[in-house]
Amino acid sequence: MSSMVGTETAAREAARRRRPKGPPGEPRRLAYLYILPALIVFVTFIGLPLFRSATFSLYEWDGLGSSTWVGLANYAAVFTDPALRGAFIHALVLIVFYAVVPVSLGLLLAATMMRAGRMRGLGLFRVLIFLPQVVPMVVVAIAWRQIYAPEGPLNSLFRAVGLDAVARPWLGDYTWALPSVGLVGTWVGTGLCFVLFLAGMAKVPRELYEAARLDGASPRREFFAITLPSVRGELAVALTLTVIAALKTFDLVYVMTSGGPGNQTAVPSYEVYRHAFLIGEVGTAAALALVLTALVFVATVIINRIGDSNDGSAPAGASGIRALARRNRSGPPVASSDQPGPDPDLDDAGPEPEEPAGSDDPRQQGRGR
Amino acid sequence: MMISRNERVANYAILILFASIALYPVLLILTTALSPDQIGDSGGLHFGNFADAWTQGRFSSYMRTSAIVAILVVGLSALFSIMAGYAFGTMRFRGSEVLFYVILLGIMVPAEALVVALYFDLRSVGLTNTLLAIVAPQVAQSVAFGTFWMRAYFRSSSREVVEAARLDGAGHWRTLWQVLVPMGRPAITTMLVLIFMWTWNEFLIPLVMATSEGLRTAPLGLAFFQGQYTAGTSLLAAGAALVALPVVVVYLFLQRHFIRGMVEGAVK
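Residues numbered from 1 in each chain as written. Chains lettered and ligands numbered in written order. Predicted model: local features only at pLDDT ≥ 70, side-chain atom pairs only at ≥ 80, totals over all residues. Heavy atoms only, no water.

1. Overview of the UniProt feature "transmembrane region" (unreviewed entry) in chain A
All names here are of chain A. Following the UniProt record, one finds the feature "transmembrane region" (unreviewed entry) at residues 31-51, 87-111, 123-144, 176-199, 235-256 and 276-303. As annotated, residues 176-199 comprises 96% helix and 0% strand, and the C-alpha atoms at either end are separated by 35 Å. Across residues 276-303 one finds 89% helix and 0% strand; the C-alpha atoms that close the span lie 31 Å apart. (UniProt positions renumbered as here; feature names shortened; annotations may be inferred. Helix = DSSP H or I, 4+ residues; strand = E, 2+ residues; numbered from the N terminus.)

What follows is the structure, given as structure tokens:
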């Protein structure tokens, strides 16, 4: 009996070791047929439009009449026109609100919670704090417009505590409109970061902390020596998601301010929309869109470099779905087909064997919505 | 781990504070939606605002469009992703690596880079303002993500299972749908809820592609509703609540799948 178990384990080990080298199946031409539908929609509605956008960006065109070849002039405008450059500067400001603040807050919050070990009701809080992620941005924008309204709750609060001078029409204020929009990004992103880091920190063996504490490490040292390094993968995911969200902000600006007052809240994606569909500068819009795309690519690559760093561990993510599949496999193979797999829970994901970074990294981008 | 009672209390205080901040705008929308629409109306809860928004605000039409778009996008992209993921995950063929990376790059392309060209090219063939123009670009973006997601699942699904199915006489098609797909229900559910959320919340593509009111999706209808009726805040709030309702309900029921998917960095 024991020898049989041994053989089976060995076989599984062997299979596992072989797996990373490629898919398990034998060569099949048929694969092309399976891929075909995905490839057709992909080429028609992503590949081709991307190529056409690049073409458009080399012309001056109002969307109706004839177009004029202008070469790279539209790109030159993106970098020299103060208004267009301004839009990118606003995007940088938004990165602070969308990414830097939520990531810092999320780290702090999660680390504080982790010191307590398991807390009762954490699951419920996790669900509530994550909620802003799923509410449609248009609804978020409408709720916050109300909060920022001249007679809205925010100003009422300031007046109630005697700070009448602080109260103002936030979204109509030249100085405060952009930070006000940014703060909404903080509201949306913090829960995501918190939940992410909580999941990452849950994988750190408790003994590490206990050992550190026996050595007399301060909470501060504990954070920088154990907690922070252990969530580097999650940090990369959080930064990728939030930075890209900041770069692509559109719905919020469209609904809350339409880029105003003046163009204080104009951001690149809003400028793409405005140039292409409101003021008839299709070429400029296409050039803007491509610069924005390039920025998204660059940001993603840089952030993931940080995430991989030197020890070659994969940034979070990769392990999750594999863990999930591994769990399914442990049941009787075919017979279990009718049973729903055990519901994966973030808390018991456990440490996963890491895989070399690189191959699976782009998973973190989401698909750019 | 030992922590003091005070620290525990402080932790709960922090959690309650952040949960309240997260909830406040949502509750604000709900309370506004239930408040009287006209000044001088009697107090109490005005559930009638929802009915008014539904009919006067034309949200019945917006919600129907959104439902159709969501069903088409989720259904088609799930089907295509499962098929493509199966091929990438379990079969070896020439060019598989290159093809896979090409599709992966598609995850990174923001909608902004597509809509400009898509709008003008589809307009020239008379296809703007059709369901196709709203659905197809979203299917393409979802398929890029879904293929990645399903490939990861199929790669890790056991070789033994596939072999056992084959010994039992199942072909590749049956192995996929009768063995691997039922086993992969958690992974597939996660993919479905994420694609549903993105599709329901998508704004830019319908904004550009739907030029007539009849094709407006719910978020888009809400944005236009806001532009038209600046006075009736409670009707606007009722509309906002209606637009958020489906995705929030799905979230509350399947929050594990939402959070897991987002935590794995699948999004935005």
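2. Brief notes about the interface of chain B and chain A
In this complex, chain B contributes 127 residues to the contact, which on the side of chain A involves 128 residues. Here chain B packs against chain A, burying approximately 12000 Å² in sum over the two surfaces, 70% of which is carbon and sulfur. For the interface between chain B and chain A, the tally reads one salt bridge. Here Arg52 of chain A makes a salt bridge to Asp121 of chain B, at a shortest N to O gap of 2.7 Å. (Contact = heavy atoms within 4.5 Å. Buried area = accessible area lost by both parts, 1.4 Å probe. Salt bridge = Lys/Arg side-chain N within 4 Å of Asp/Glu carboxyl O.)

3. Focus: the pattern of salt bridges
Residue and element names in this part refer to chain A. Tallied over the full model, the rule gives seven salt bridges over all chains. Between Arg213 and Glu222 there is a salt bridge whose closest N-O contact spans 3.2 Å. The class of Arg213 is partly exposed, set by a relative accessible area of 26%. Taking the relative accessible area as the measure of exposure, Glu222 reaches 4% and is therefore buried. (Buried < 20%, exposed > 50% of the residue type's maximum accessible area, 1.4 Å probe, protein only.)

4. Section: the side chain of Thr227 of chain A
Relative to the elements of secondary structure, Thr227 of chain A occurs in helix 10 (residues 219-230). If we skip the residues at most four places from it in the chain, Thr227 of chain A touches Ala111, Met201, Tyr209 and Glu222 of chain A.

5. Description of the packing of aromatic side chains
Under the criterion given, the structure shown has 36 aromatic pairs over all chains. Each ring, one from Tyr153 of chain B and one from Phe154 of chain B, has its centre 5.1 Å from the other, and the planes form 55 degrees; the classification is tilted. Exposure class is identical for Tyr153 of chain B and Phe154 of chain B. Each is buried. Each member of the aromatic cluster is reached from another via a ring pair, and the members are Phe56, Trp61, Phe250, Tyr254, Tyr270, Tyr273 and Phe277 of chain A together with Tyr119, Phe120 and Phe203 of chain B. The ring of Trp170 of chain A carries Arg168 of chain A above its face, with NZ or CZ at 5.5 Å from the centroid. Against the face of Phe100 of chain B rests Arg151 of chain B, its NZ or CZ located 3.9 Å from the ring centre. (Phe/Tyr/Trp six-rings, centres within 6.5 Å; stacked < 30°, edge-to-face > 60°. Lys NZ or Arg CZ within 6 Å of the ring centre and 35° of its normal.)

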